[in-house]
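Each chain is listed here by its residues.
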Amino acid sequence: MTPGYKPEDTVRPDRQRAVAEEPGVNVVGASVAKLDSREKVVGRSEYIADMYRPNMVHAAFVGSPHAHARILGYDVSKALGAPGVVAVLTGDDVADGRMGAFIKDEHALAKGKVLYHGEPVAAVAAETEAQARDAARLIEVHYEELPAVLSPEQGLEPDAPILHENLQEYVKVFDAGSEGNLAARTVFSEGDADSAWDDCDVIVEGEFTTQPQAHVSMEPCGALAEVDATGRVTLWSANQSVFRVQANVCESLQLPMSKLRSLTPRVGAGFGNKMEPHIQPITVALALKCGRPVKMILSREEDFEVVRARHPFRIRMKTGARSDGTLVARECEVLLDCGAFADDSPGVLGYSLLMARGPYRIEHVKCSGKLVYTNKMRFGAFRGFGNPQVTFAGEQQIDQIAGKLGRDPFDLRRQNICREGDPWFLGQVVESNGLDACLDAVESACDWKNRDSWPDDTSRGLGIAITAHISGLLGTGAIVRVLEDGTVSLNTGATDIGQGSDTVLSQICAETLQIPIEQVVVSSPDTDGSPYNWGTTASRVTYTTGRAVSAASHKVVAQMMQYASEMLDCDKSDLELRFGGRIGIKGSNTDLTFGDISGRAHWAEGGPVVGSDTLVFDRNTHDPKRASALGLPFPRIGVMSFGALATEVEVDHVTGKTSVCRAWTAADVGRAINPQLVEVQLEGGFVQGMGFALCEEMVWDGPRLANPSLMDYKVPTSRDIPDHIESIIVEAPEPDGPFGAKGAGEICINPVAASIANAVYDATGFRHHHLPLTPERVLNGLLDRDQTGPVP
Amino acid sequence: MTAKEVLTLDVNGARREIEVACGEILLTVLRDELRITSPKRGCNQGVCGACTILINGVPQRSCLSLAANCQSKEIRTLDALLDDGRMRKLQDSFQGNGAVQCGFCTSGMMITAWHFLETSDQPTATDIRSALSGNLCRCTGYQKIIDSVAEAAQETSQ
């Protein structure tokens, strides 16, 4: 135990809460309780599985028993005759449309071929879920089995079986360079990495691998679809974007988007798994076929097997520095398992390479990667989006260089980090940058400078890592309406997946309008009535949607001022906005309430007040004068948040088990609109990252996922977390962020595996290149070290 | 056709007579037959704890409980505890400490915590971690849940 430290210290029941005394006044920056928290603590939130519609039937699917096979035909007669069955759906029933965020390669339901073990190949609707599951097993599918591709290396071999024979014809939204099983390739370079190695006094090089990780949102995916008398579909589903659901269902089933309304109940978390489609297209196709509302809820096993997972990465990385510590060059080459469908994978490939330089000034950088189709479930978006993988490699190499140069890891980083106004890799100028403050805060919190005075304990180690992450991307909007009585309706189309965006956006709206937050009501996302929102992903809602909410709210204020000037017969410049939703004449007690103004607007003059704003993130990622970029999947990506993390581990020298004792995590989020909600992101992201670092791994036994259950796939429990997690919020305001805010959702997970690996090295003298750091792996490292001595 | 049976269950203080398939689990009966949806199906395997309810006052996984075995027992979901003083303290502390994110684990977590506080006086953080370790949460990282239970424990003991 570290001196002066007791586990009991971590419980802080008397900790001060920064809740504003007067609601609505300076509500930005206050830890307002999440607006949906009351309904959740009384068990009244309605998730997709809690929805029941009149005359509803339940659905289940049958999965492919093969990793790769041609479908020769179906015999559905037994299933159709089974008790309670109302409809059976096969690939013959669905349109030939293909969906996909970057490469449109995926049908609503397997059609012609199956591409992974467990892939939905047919589905049944029946009166009860049990009947649907029983009947699904009676569907006979005739296959011609084909040889399977089970690794990206195998997929690139010249004689490899081809998954997508018509890949060249698929619609792609960027220059993918697809060929054979190569779904996409990306190459970025800046400076001259090939010849820069001669300038380096120290070079470290290594190959790293990371494992597939399952999202395990506590709510399994599900959908409920019903069709009205005109044939129009209403679809509720667990999602991170009602608009992406609408686009994917309509593309795959070839429906006009106007024929499908996409809605969301409460969502039981999403970490990327619910952004792009899961079983919404199948559910809609079944509802269209049987004419009754259809609900399909995945079992936990199915949720593991058919949704998506974090990509396994193979990373070759090389970093060089001069003897004075200046980082000179970095090369990174990655190989990604795409799984059977491209999904968000091209984005993950491109983003991981964009982040592979790390938050450092490095003059010569070359990053390249390949994304290869395999006969496995799709890999896709998962919190961090490729960043935790490359950070695992990159931040260990920074420590290795520090070791070789005899430098302090904090100081070496501080010498090389990007500063405000520096270009990011490929050229985008980064405006706000609180990384230096994050480093200082973590160094001080973990008492780094005094660690040599800690008791000599060979089982303990302390490690650090730093990171950056974007928040931004694509289109978003907000509509702010003043109701007749002066209260306000806020509609953004952003799905609150539990992280609290409804609350944060309400805070931004209430603060701008100077009204109590209780007077703002948030509309649930609805493709019929909400402005477009690309999704709750890419750490983007607070920053991008917040900007739209702020702008729309300012338009409301301007309109209300105009009306007030008419009502008070004075110039607008003589008016001021007052707390509590009032507009008054400066220097006088005369004022009007929002209700007075809105009532007149509704019933007499001017018309109801509606403020709206839309935007698309428009700063270029790539400056062609500075860098070259081939296969860039996103031309305009986002603004940067920054983070630093220190972890203290204890390694059991007998079993190899690594426990994290304490963690100090700092993030520059621009401005914490709601500090408590930022803290939960930092803590939750840390623990999810700890699972990635230490225990979580999806394991394939040949073509079959061997551990699709919570019994066999271990996520951290309350007993596994550190005794002490300290969240430190740093605020370097982003000039165009709402009140300076930028994202917090992902920055927290990126450095965890790297920081823990650096701590394990500190404790054991063994450098780990492969995740997760299981007891077996760490014990083997200890045994190797005992034979060869520490390796820097 | 699956055989049916008629069960008489005491759910949240009300006597409910229902016809269900033989071998039906309690969670399915509560949700699909009685439309009591506060217990959630997270894994159907007894691991995640989202379906935790009280049977004769003891937290149980309703996904592992046969409905037929629960006749003549008191079945209580979160819905029955809303006016209980200790539960109210927990609800307030969960809300105030930011222990609620997506909320899918929350009702099971609160049942477990409520029962734990019934039997535990002035628990340490280690006691709380241990008590909650059968309820998975993927959002919060647990720290704020542990803080909330500690706060409720302190208020309960006052």
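Sequence positions are assigned chain by chain, starting from 1 and proceeding in written order. Labels are handed out in written order, letters beginning with A for the chains and numbers beginning with 1 for the ligands. This being a predicted model, a pLDDT of at least 70 is required before a residue's local features are given, and a value of 80 or more before pairs of side-chain atoms are given or counted; all residues contribute to the totals for chains, interfaces and linings.

### So, the overall build of chain B
And then number 1: In terms of helices and strands, chain B carries 5 helices and 5 strands.
And then number 2: Strands here are runs of E lasting at least two residues and helices are runs of H or I lasting at least four, both read from the DSSP assignment and numbered beginning at the N terminus. Its helices and strands taken in sequence order, chain B reads β-β-α-β-β-β-α-α-α-α from the N to the C terminus.
And then number 3: When we talk radius of gyration, it's over C-alpha atoms, and the globule rule is simply 2.2 Å times the number of residues to the 0.38. Taken against the 2.2 N^0.38 rule, which gives 15 Å for 158 residues, the C-alpha radius of gyration of chain B at 16 Å falls within 12% of a compact globule.
And then number 4: Split into buried and exposed, the 158 residues of chain B put 57% on the buried side.
And then number 5: By the criterion used throughout, residues are in contact when their C-beta atoms, derived from the backbone, lie within 7 Å. For chain B, restricting intrachain contacts to residue pairs at least 6 apart in sequence, the fraction spanning at least 24 positions comes to 59%. As a rule, residues whose C-beta atom has 12 or fewer other C-beta atoms within 10 Å are exposed, those with 20 or more are buried, and those in between are partly exposed; C-beta atoms are placed from the backbone.

### As for the packing of helix 2 (residues 85-97) of chain B against helix 5 (residues 143-157) of chain B
Residue and element names in this part refer to chain B.
And then number 1: As a packed pair, helix 2 and helix 5 sit with axes 8 Å apart at the nearest point and diverge in direction by 140°. Taken together, helix 2 and helix 5 sit at an angle that is classed as oblique. Both helix 2 and helix 5 take part in a crossing whose hand is right-handed. Residue-level contacts link R86, K89, L90, S93, F94 and N97 of helix 2 to K144, D147, S148, E151, A152, E155 and T156 of helix 5. Orientation is described by axes fitted as lines to C-alpha atoms, over the contacting stretch for helices, and by angles from 0 to 180 degrees between their N-to-C directions. Here the word oblique covers every angle except those under 35 degrees (roughly parallel), over 145 (roughly antiparallel) and from 65 to 115 (roughly perpendicular). Handedness of a crossing follows from how the near helix is turned relative to the far one, being left-handed for an anticlockwise turn of less than a right angle and right-handed for a clockwise one.

### Some thoughts on the interface of chain B and chain A
And then number 1: Taken together, the contact pairs 51 residues of chain B with 55 residues of chain A.
And then number 2: Of all elements in the fold, only helix 2, helix 3 (106-119), helix 4 (125-132) and helix 5 of chain B reach the threshold of two or more residues within the side of chain B that touches chain A.
And then number 3: Among the elements that take part in the side of chain B that touches chain A, helix 5 of chain B stands out by supplying 7 residues, more than any other.
And then number 4: Tallied by class, residues from the side of chain B that touches chain A come to 22 nonpolar, 21 polar and 8 charged. When residues are sorted by character, Ala, Val, Leu, Ile, Met, Phe, Trp, Tyr, Cys and Pro go into the nonpolar class, Asp, Glu, Lys and Arg into the charged class, and all the rest, Gly among them, into the polar class.

### Side note on unusual backbone geometry
Residues and elements named next belong to chain A.
And then number 1: The omega angle of the peptide bond from L771 to P772 is -5°, so this bond is cis rather than trans.
And then number 2: Within the element layout of this structure, P772 appears in the loop between helix 17 (752-764) and helix 18 (775-788).
And then number 3: Positive phi, close to 60°, is recorded for D447, a residue that is not glycine.
And then number 4: Note on placement: D447 falls in the loop between helix 12 (435-445) and strand 18 (460-472).
And then number 5: Classification of D447 by C-beta neighbours within 10 Å gives partly exposed; the count is 17.
And then number 6: At D569, a position not held by glycine, the phi torsion is positive, near 55°.

### Re the domain arrangement of chain A
All names here are of chain A.
And then number 1: The start and end points of each domain follow an automatic or database-based domain assignment. For chain A, the assigned domains are domain 1 (48-146 + 216-306), domain 2 (309-473 + 622-788) and domain 3 (474-616).
And then number 2: Put simply, the middle of domain 1 and the middle of domain 2, counted by C-alpha atoms, are 36 Å apart.
And then number 3: Across the contact, 23 residues belong to domain 1 and 24 residues belong to domain 2.
And then number 4: Class assignment for the residues of the side of domain 1 that touches domain 2 results in 11 nonpolar, 5 polar and 7 charged.

### Details of the sheet that holds strand 21 (residues 520-522) of chain A
All names here are of chain A.
And then number 1: Pairing between two strands requires that DSSP report at least two bridges joining them. Taken together, 4 strands build an open sheet; the order of strands is 21-20-19-25 and the sheet is mixed. Of all the strands in the sheet, just strand 21 and strand 25 (610-616) have a single pairing partner and so form its edges. Geometrically, the sheet is characterised by an average inter-axis angle of 15° between neighbouring strands, direction not taken into account.
And then number 2: Set on the sheet, helix 13 (residues 501-513) makes contact with strand 19 (475-482), strand 20 (488-491) and strand 21; between it and strand 21 the angle comes to about 150°.

### Side note on the pairing of strand 13 (residues 294-297) of chain A
Residue and element names in this part refer to chain A.
And then number 1: Burial along strand 13 is two-sided: the residues V294 and M296 and K295 and I297 are all buried.
And then number 2: Bridge count between strand 1 (residues 57-63) and strand 13: 2 bridges; the pairing is parallel. Among the inter-strand pairings, H58 is bridged to a residue of strand 13, identified as K295.
And then number 3: Across 4 bridges, the pairing between strand 10 (residues 222-227) and strand 13 is antiparallel. Along strand 13, the bridge assignment pairs L224 with K295.

### Description of helix 2 of chain B
And then number 1: A helix's residues, less one, multiplied by 1.5 Å, set its expected span. Given a rise of 1.5 Å per residue, 13 residues ought to cover 18 Å, and the 18 Å separating the end C-alpha atoms of helix 2 of chain B matches this to within 8%.
And then number 2: What helix 2 of chain B keeps buried is the set B:M87, B:K89, B:L90, B:Q91, B:S93, B:F94 and B:N97.
And then number 3: Against helix 1 (37-41) of chain A together with helix 3 and helix 5 of chain B lie the buried residues of helix 2 of chain B.
And then number 4: Looking one or two residues past helix 2 of chain B, B:G98 carries a phi angle of roughly 75°, positive in sign.

### Brief notes about the nonpolar core
And then number 1: What we call a nonpolar core is a set of buried Ala, Val, Leu, Ile, Met, Phe, Trp, Tyr and Cys residues whose membership is set by joining through C-beta atoms within 7 Å. A:A123, A:V124, A:A125, A:L286, A:V442 and A:I756 are the most contacted members of the largest nonpolar core, which totals 305 residues.
And then number 2: Take this core: its biggest share by element is 10 residues, from helix 16 (residues 675-694) of chain A.

### Notes on the confidence of the model for chain A
And then number 1: Per-residue confidence from the predictor is given as pLDDT, running between 0 and 100. A residue-level look at chain A finds 96% of positions with pLDDT of 70 or above and a mean pLDDT of 95.
And then number 2: For the stretch residues 1-24 of chain A, pLDDT sits under 50, and the model shows 40 contacts to residues farther than four places along the chain or on other chains.

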